[in-house]
Every structure is written in structure tokens, then in C-alpha cells.
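Structural description and commentary
What follows is each chain in one-letter form.
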Amino acid sequence: MTAPGYVAPGAVLRGRYEIVREIGRGGYSVVYLARDRELDVDVALKLLVPPPAAAQVARERMRREVQAVRGLSHANIVAVFDFLEEGPWSFIVMEYVPGPDLQVRVAERGRLDADAAVRLGRDVAVALSAAHRRGILHRDVKPQNILLDPDGRARLTDFGSAKLDGQLGVTGSGTLAGTLAYTAPETLAGRRGDARADVYALGLTLYYALTGELPDRPSPHLPPTPSPTGFRPAAGVPVPAWLDDVVAHATAAAAEERFPTAAALDEALGRPGTAATLLLDGGAACLLCGGPDPLELGLCPACGGSAESADTLVFLRRATSAPARRATAHRLETVLPDIGGDAAHAAAIGERPVFRVPRAGVPRLLEAMDRRELAVRPVPVAGAWSAVPRKAWALAGAAVTAGAVAGTLAMPMLLWTSPVVGTLVLLGARRDARTPLVAPPSRQARLPPELERAVVDALVTLPPGTARSLLADVVRTSAALFATIARSGDERGLAPPLGELVAAACRAALDLADLDDNLGRFERQRERFIGGSPERLDVLSRCERARDALVQRLLEAMTAVARLRTQHAELTGETEPTLVELTRDLQTEAALQAAAAREIETLLER
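Since this is a predicted model, take the numbers as computed values, not measurements. (Residues numbered from 1 in each chain as written. Predicted model: local features only at pLDDT ≥ 70, side-chain atom pairs only at ≥ 80, totals over all residues. Heavy atoms only, no water.)

In this section: the pairing of strand 6 (residues 89-95). Along strand 6, five of the seven residues are buried, which leaves the element largely enclosed by surrounding structure. Strand direction decides the pairing type here: strand 4 (residues 41-48) and strand 6, joined by six bridges, are antiparallel. Across the sheet, V43 pairs through a bridge with E95, a residue of strand 6. As paired strands, strand 5 (residues 80-86) and strand 6 are joined by six bridges and run antiparallel to one another. For E86, the partnering residue across the bridge sits in strand 6 and is W89. (Buried < 20%, exposed > 50% of the residue type's maximum accessible area, 1.4 Å probe, protein only. Helix = DSSP H or I, 4+ residues; strand = E, 2+ residues; numbered from the N terminus. Pairing = 2+ DSSP bridges.)

It is worth spelling out the packing of aromatic side chains at this point. Counted under the stated rule, the structure contains two aromatic pairs. Pairing Y17 with F91 gives two aromatic rings, centres 6.3 Å apart and planes at 75°, and the pair type is edge-to-face. With Y17 in strand 2 (residues 17-26) and F91 in strand 6, the pair connects residues that are 74 residues apart, well separated along the chain. Each member of the pair, Y17 as well as F91, carries the same accessibility label: buried. Residue placement shows R377 over the ring face of F315; its charged tip is 5.0 Å from the ring centre. (Phe/Tyr/Trp six-rings, centres within 6.5 Å; stacked < 30°, edge-to-face > 60°. Lys NZ or Arg CZ within 6 Å of the ring centre and 35° of its normal.)

Attention now moves to helix 11 (residues 362-371). An α-helical segment advances 3.6 residues per turn. Residues three or four places apart therefore align on the same side. For helix 11, every residue scored as buried is listed here: V362, L365, A368 and M369. Each buried residue of helix 11 sits inside an arc of 125° when the element is viewed along its axis, so together they form one side. Exposed side chains of helix 11 directed beyond 90 degrees from the buried face belong to P363, D370 and R371. Following helix 11 by one or two positions, E373 has its phi on the positive side, about 60°. (Arc of directions from axis to C-beta.)

With that settled, the discussion passes to the nonpolar core. Core analysis: the largest hydrophobic core is formed by 62 residues, its most contacted members being I92, L120, V124, I146, L202, F259 and L265. Looking at which element gives the most residues to this core, the answer is helix 6 (residues 195-211), with eleven residues. Setting aside residues up to four positions removed in sequence, V124 forms contacts with I146, A154, L156 and L202. In terms of nonpolar packing, the next biggest core, distinct from the first, is built from 47 residues, A458, L498, A503 and A590 among them. (Core = buried A, V, L, I, M, F, W, Y, C linked by side-chain atoms within 4.5 Å. Contact = heavy atoms within 4.5 Å.)

Once that is clear, we can look at the sheet that holds strand 10 (residues 355-357). Across a sheet, strands are paired by hydrogen bonds formed along the backbone, either parallel or antiparallel in direction. Taken in spatial order, the three strands of this open sheet run 10-9-11, and their pairing is antiparallel. Each having just a single partner strand, strand 10 and strand 11 (376-380) make up the two edges of the open sheet. Geometrically, the sheet is characterised by an average inter-axis angle of 30° between neighbouring strands, direction not taken into account. Relative to strand 10, strand 9 (residues 312-316) runs antiparallel, the two being bridged by three bridges. Bridging from a neighbouring strand, V314 pairs with F355 of strand 10. (Axes fitted to C-alpha atoms, helices over the stretch in contact; angles between N-to-C directions.)

The next subject is the pattern of salt bridges. Inspection of every chain in the model, using the stated rule, returns 24 salt bridges. Linking E367 and R371 is a salt bridge whose minimum nitrogen-to-oxygen distance equals 3.4 Å. Of the two residues, E367 and R371 both sit in helix 11, four residues apart, roughly one turn of that helix. What makes E367 partly exposed here is its relative accessible area of 49%. According to the relative accessible area criterion, R371 is exposed, its value standing at 55%. Connected via shared salt-bridge partners are E95, D149, R153 and R155. (Salt bridge = Lys/Arg side-chain N within 4 Å of Asp/Glu carboxyl O.)

Encoded structure:
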């Protein structure tokens, strides 16, 4: 903590900024009102006072954040002018907003009415939307960071300050930043948040503005316990039902259940009663791994949910003893309760495969089955003969032998019919050996065949995480729109640009996964780079922003497609250009991200 009077009133920094008085404090900063002598205007100076051990990295990190945020010009964002140093001081020069912050306003005058809360929410949502489009996340949306102009306009401040000032630490991949009470559950769980984490924080801020307090929490030092259905301010104060729904949707525990973008939240606040149309439908889940099943195959592609590209059969390893085989069958019935006891027994003795999967999905499936104490072995479909059980060969051989003997002694006809019988026995056994217990249900194709193959290949390749989840959502909403087009016709010519968008999303998700992997590697080697050259931090900052910008484009793509599906009956001629523009944005961001990935990979190899 800093002592009172750390910089005395009257002190002049850089020969230009005269300190007037202290107006606020953060974890590692003090904010002063200052007079810019050169321009003769008031400004806010945020003086950075990080712990000595982290001072160099904190200054370099904040310098880069300021360079990024300085390019944001928006009526609802407090302008950042510069990052300067003088002697031991490092400080950020910002626009001075004379009004109080939201927390002071609520403490002094009580909770906001619905109209005022809606105006505030829309002001902050459009500010976040502008930043997210640039790949800049706030990560510390809270009442203290929302300033109120004398005219009532809300101004969002302290972009990037969570990386230094946040009580939870730096925002590398898998680490935390921001104020604990307003931090999204996925970020608290150690995952890197995206735009939906800022949506959650704004939703919780609206809850506070409407009620004057946060939802119940175990301790004043802990965040509210996440709610699957979100927090509803109307439980304690009079709030219009539609606004209560908006806040609840914004604060849902799972990111997938919230508004996918800040722009969608702004639209929900501006058009009462439309919240449901701006949310994604709950998608099907994989029977085995519980992951997204966007094509509604019963199993996700990684677990064998595609017959077309599935070239590998997965058998249980046959236990040596009868009790062990019974135990294996029982475990399999527990994991896959719909297959039945006879089928589980056939799998336990190695006569039937459990799954048929793409080769790329085998390692993930082996890992999933191993966690369930089920040992499996993969067999190429082309080698299915090797999986035919020995008893089938023995039975076929016995039939041929018996027919040959009988034919020689008494019934010559058996000389040629017994080989046919033996062959039929083997073909039946081979058919069983090629037919998995768990197979995709018969269904009408929802995507064009070539596009579905590309989607399946991408989903099989992607590891569980943000990239796979986002692509699954894009595919799910697009498949639903393709199905709608198939039923009602495609007079607007939506199908071709929609297909291009999905293909671009596949490529973008693969690039995103690569960069997430590299950022994860960087995080694991963080100590190597602490105190290193500024160029290394430049590379990291560029990579993080490229990553966040691409995530934002994927979120925007799924939102736009979901909206098109809802409004299909009212589509205008502007629809196709919208899809083309979204595809172009995805391709552009993916190219930038690929370059960023190469940069950080080169850095990690040094």
C-alpha cells in the first residue's frame, strides 16, 4: 500500500502535469486530478506503484496495454492519452470525468430505476463491443470502473488495468485478472475468458445497480455462488420481467448460456422481450464424453459420430477370465446404458466393436475409455477380418469339414454347399465385427457432404477447449439454418456464403487452438521470460490480442447465423453481404493470428 501524500499537491510531472489532489486508489495505483499546463485542461493521472519485484514487468506490460487502448475512440470509453515515466514514477494520462463512479452513485443515492439501469447497461455494452472488435477485453468491469458524466452518460475506464491492478494477478493463459466479486466462473476456474466474461461482469454490475447489492455470497471476500440460470434482481426489488430475464441470461454460470457478445446484450436491453432470440439453443451433448455434438449424431465426431470418415474400429480388450469379462460388461453398461446386456457381453468378449471413429479421434477416445477403466484396442476397418473371433473361424471350418466328409460318403451336394455355409458364417461374423454398438443414428444430412467432412475433421482434430466449443456453436447454428433453408427454399442465396462461413470457421478454430497451445506453453515457461527483453512482451501482447480478436469474430459469426435463422422468413437482400463480410473478417483475423502464432513459437524455441 502507498502512504498518504505519495505525490504532493503542486508537484509537476514531466514539466507539464501539475498534481491537484488524490481522487482514488487501486491495488497498485493512485489516481490524481492533475492540470495539463500545456493544454490548460484537467486530466486524470494514474500513478503505478507495483511491488518492487514486479515493477519492471508491470510497467512494460501496462505500456503495451496503453498503446492498444489508446487507439479506442468511443463516446462511452474514457480516453487514454499516454504512458509516461519520470524518475521512479510511471503514470497513465487519462481523460478526467468529473462525475462519480457507479458504486459511489449507488452508495450515496440508492439503486437505479429500470430506465437508468438500461441506459447505463447499453452505454457500457456498446463500449465493450467496440473494444472487443479490436481484440481488447476489459477483464475488470465493475461499478468502480464505470464513471458517470454530469449528463448521466456512462463511461467505462481502466481497460487493461486488471493486468496490473486486478486483485487476482496477471492475465496470462489460464490465470486470473479482475475484481473477484465480478469475475466470471470460467475465469475463476482457470480458463482464459473471452467477451462472455465481460458480459457476465456487466450483468452482475446491472444486478448491483438495480438492487444496490450483489447476490448472496458465502463471504464478503468471495464471489457470488454461480447460478446455472443466472441472477434475478426481481427476486428482491421491483424490476420489469423482461429486464430481469436479460440480467439472468447475462449472468448464467456457463458462458454458453449467456449472450454471446456485448452487442447482443445491448440489443436485448434496447428491444424488450427479444432476449431469447439472441441466445443460442442448448445443443446436444455427446453420449460418451459429454462434449458438444453439433451435428446431433449421438456421439461427437471425436467419439465416432461420423460414419463417413470413421476408418477405425474400437474393441474392448478381451479379459482372460470369465469374472473379469462380466465386470467389463457391467462397466460398459454403466457408461452406455442404452446398449443392453447381450450387446455389452458381445463387446466384452471381443465379438463386437464399441465404436467406429476417425483415426485422428482414437487417442482422445482411448483416454476417455481409460478413465472409465475400460481397456480398448483400435483396429482399422480394412483389417476387420483380424477382429473376427476364433470361434467363428472354427465354426466355419467345422461346417466345411463336416460337409466335405458327408459329401464324400453320402451326399455329394454338400461338397459345394458346405463352403457356402462356412463363408456365410464368416461374412456374418465380419459384419458384426464391423458394426459398432454405438453408431450414429440415421438422419437427413444437415450440411452439404463436403462441408460436413471438413467440419468432422476439424472437430476431431481440435482438443477440448475454447476453439472446439466455439466451432461447435457455429456449426450447430449453421446446421439449423441449412435445415431451415432445405425446408423453405433458398430464394436469397444463403447456402453458398453460409458454407464459406462455416469453412472459414473451421480453419479459424484450428488456428485458434494452435495459438492457445503456444500461449499455454508460454505460461508454463513464464519464469524464463520474466525480466526479459521488451520485444518478448511485445510478442506476447500481440498474440493475446490476436487470439481475443479471433474469438470475438467466431462469437459474432454464431450470433449472426442464429439471428438469420430466427428471422429467415423476413430476410432482406442484405443477408448475403453480411455473411460474406463475416467470412472475410474471420479469414483476416485467422491470417493475423497465424502470424502471431509463428512469432510466439519462434520466441519459445529461443
